[in-house]
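Now for the letters of each chain:
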Amino acid sequence: MLKEKLLKVFAENPNEFISGEKISQQLGCTRTAIWKHIDELRKNGYEVESAPRKGYRLVRKGDGIHSHEIKVGLQTKRIGHEISYYEETDSTQIIAHQLAQNQANEGHIVIANEQTAGKGRLGRTWHSRQGTSVSMSLILRPELPPQKTPQLTLLTAVAVVRAIHANTGLDCQIKWPNDVLINGKKLVGILTEMQADPDFVHSVIIGIGVNVNQSREDFDPDIRDIATSLLLEKNEPVDRAAVISAILNEFELLYDLYLEEGFSPIKTLWEAYSMSVGTNIYARTMKEVLYGYAVGITDDGVLLLRDESGETHSIYSADIEI
Ligand code: BT5
């Protein structure tokens, strides 16, 4: 809590010296406590300059994604206020499922600095290298019938695109249903899972993996040509904690809109960022490969594809090639 407040003071006074006295007044703690926390920040990679009579100045942030580092940029009312952080875990989805079963609140997130068995869809693997990516799972408890939950994948993709633009100025596109791409390469993967009865959703777990500071060599050879990172696109390192808080901020805005007004406004935004409607695509489903014109998505988030014979197919799950 004190660390979070201290980081907020630094964030509000960029590049300025702040006296120990002023910080201790703002935080309501002793100067010794401040000194101790600054020492800890330094150990976590922060560069903090201290000068007699002037106080402390934050020169460079560390690249941590601990709770206090995420909360500095968080502007939400409920999403992301409870954070479970892991230095290393198999998959944040697995932890989030356990927490959801144990009554975790809506908005609770699980974050890992490294995942050793990150999950994609349909049993596929998601690579998330130590210290370079964002791996998080968000627990939601919407009052929705199970068939509506794919809408939340689309909502999340919109939130991520908007957050990345706000944070880095980069423009991404969405490939139905769950990929966020830049210049045709995959930057973000989204995995939506749920705990539900046939007609009642207990919880939805939304997993978001973002490639942030990977170099080309950091990617495994099998994905090197299809994956990209914010570092590669922007040519400079990007603050992972800021990316996380930006995603959570955008997510809450859109989620509240969705709960109030339904999917329609989200659908309009999704279509504006989508690269997979209004064009010819291949859709590889579990049983066949379809080719045709992607007409749009339905209100349930189902992709409509009109094949060359004029027949329209409803696609619930597929990999898309354009
Ligand atoms: C996804 O699956 O894209 C969903 C990925 C969700 C990952 C998050 S991280 C936090 C949370 N915890 C988890 O364990 N998972 C979630 P899918 O559409 O099936 O895509 C998987 C495919 O993307 C793989 O088969 C690779 O081809 C490719 N891929 C794997 N890692 C990648 C990466 N880091 N960047 C780009 N592409 C990747």
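Before reading further, recall that the structure is shown in the block above.
The rules behind these values
- Residues numbered from 1 in each chain as written.
- Predicted model: local features only at pLDDT ≥ 70, side-chain atom pairs only at ≥ 80, totals over all residues.
- Heavy atoms only, no water.
- Helix = DSSP H or I, 4+ residues; strand = E, 2+ residues; numbered from the N terminus.
- Buried < 20%, exposed > 50% of the residue type's maximum accessible area, 1.4 Å probe, protein only.
- Contact = heavy atoms within 4.5 Å.
- Areas by Shrake-Rupley, 256 points an atom, 1.4 Å probe, with all protein chains shown as cover.
- Lys, Arg positive; Asp, Glu negative; His and termini not counted.
- Charge placed at Lys NZ, Arg CZ, Asp CG, Glu CD.
- Salt bridge = Lys/Arg side-chain N within 4 Å of Asp/Glu carboxyl O.
- Expected span 1.5 Å × (residues − 1).
- Pairing = 2+ DSSP bridges.
- Axes fitted to C-alpha atoms, helices over the stretch in contact; angles between N-to-C directions.
- Right-handed = clockwise from strand over helix to strand, strands pointing away.
- Phe/Tyr/Trp six-rings, centres within 6.5 Å; stacked < 30°, edge-to-face > 60°.
- Near = heavy atom within 4 Å.
- Polar contact = N/O pair within 3.5 Å; in protein donor to acceptor, adjacent residues only side chain to side chain.

Teacher, can you tell me more about the overall build of the protein chain here?
Looking only at helices and strands, the protein chain has nine helices and 16 strands in total. The dimensions of the protein chain, computed from C-alpha atoms along their principal axes, are 80 × 40 × 35 Å. Taking all 322 residues of the protein chain together, the buried fraction comes to 52%. The long-range fraction of contacts in the protein chain, counting pairs at least 24 apart against all pairs at least 6 apart in sequence, stands at 63%. When the accessible surface of the protein chain is totalled, it reaches about 15300 Å², and 47% of it is carbon and sulfur. Charged side chains of the protein chain number 34 positive and 44 negative; the gap between the two group centres comes to 7 Å.

I'm lost on the pattern of salt bridges in this one. Help?
Pairing between side chains becomes possible if they bear opposite charge and their charged atoms approach one another. Tallied over the entire structure, the rule returns 23 salt bridges. A salt bridge links Asp319 to Arg124; the nearest nitrogen and oxygen atoms lie 2.9 Å apart. One end of the pair, Asp319, is in strand E16 (residues 319-321); the other, Arg124, is in the loop between strand E5 (118-119) and strand E6 (125-126), and 195 residues separate them in sequence. Since its relative accessible area comes to 27%, Asp319 is described here as partly exposed. Judged by its relative accessible area of 37%, Arg124 is partly exposed. Residues joined in a network through salt bridges with shared partners are Lys77, Arg78, Glu106, Glu252 and Asp256.

Just to check I follow, could you spell out helix H8 (residues 240-261) for this structure?
The end-to-end C-alpha distance of H8 is 31 Å, a good match for the 32 Å that 22 residues give at a rise of 1.5 Å each. Extensive coverage of H8 is indicated by the burial of 16 of its 22 residues. Backbone geometry just after H8 places Gly262 at a positive phi near 85°.

I would appreciate a short explanation of the sheet that holds strand E7 (residues 133-140) in the present structure.
By definition, the strands of a sheet pair up through backbone hydrogen bonds, in either a parallel or an antiparallel sense. Pairing within the open sheet is mixed, and its seven strands lie in the order E3-E4-E7-E11-E10-E9-E8. Strands with a single pairing partner mark the edges of an open sheet, and in this sheet they are strand E3 (83-86) and strand E8 (173-175). Each strand of the sheet is rotated relative to its neighbour by a mean of 20°, with strand direction disregarded. Bridge count between strand E4 (residues 109-112) and E7: four bridges; the pairing is antiparallel. Directly across from Val110, in E7, lies its bridge partner Ser137.

What exactly am I supposed to notice about the pairing of E4 here?
In regular strands, side chains alternate between the two faces of the sheet. Because side chains alternate across E4, one face comprises the buried residues Ile109 and Ile111, and the other comprises Val110 and Ala112, equally buried. Taken together, the four bridges between E3 and E4 define a ladder with parallel strand orientation. The residue of E4 that forms the bridge with Ile83 is Ile109. In this view, the connection linking E3 to its parallel neighbour E4 by way of helix H5 (residues 92-101) has right-handed handedness.

Mind showing me how you'd approach the packing of aromatic side chains here?
Two measures describe an aromatic ring pair: the distance that separates the ring centres and the angle between the ring planes. Evaluation of the coordinates by the stated rule reveals two aromatic pairs. Ring geometry for Tyr282 and Tyr291: centres 4.6 Å apart, planes at 45°, overall tilted.

Even after reading the chapter, I still don't get the site of the ligand, so can you show me in this structure?
The ligand sits among 28 residues. The nearest are Ser91, Lys119, Arg121, Arg124 and Lys186. Separating an oxygen atom of the ligand from a backbone N or O atom of Arg121 is a distance of 2.8 Å. In this structure, an oxygen atom belonging to the ligand sits 2.8 Å away from a side-chain N or O atom of Lys186. The fraction of the free accessible surface of the ligand (800 Å²) that becomes covered by protein chains is 93%. Of all the elements in the fold, those that place two or more residues in the shell around the ligand are H5, E5, E6, E7, strand E10 (185-197) and strand E11 (200-211).

Sorry, what's going on with the sheet that holds strand E13 (residues 289-297) here?
Pairing is antiparallel across the open sheet formed by five strands, whose spatial order is E15-E14-E13-E12-E16. With one partner strand each, in any of the chains shown, strand E15 (312-315) and E16 form the two edges of the open sheet. Recorded for the sheet is a direction-independent mean angle of 45° between the axes of neighbouring strands. Examined bridge by bridge, E13 and strand E14 (residues 303-307) share five bridges and lie antiparallel to one another. The residue bridging Gly296 from the neighbouring strand is Leu304, located in E14.

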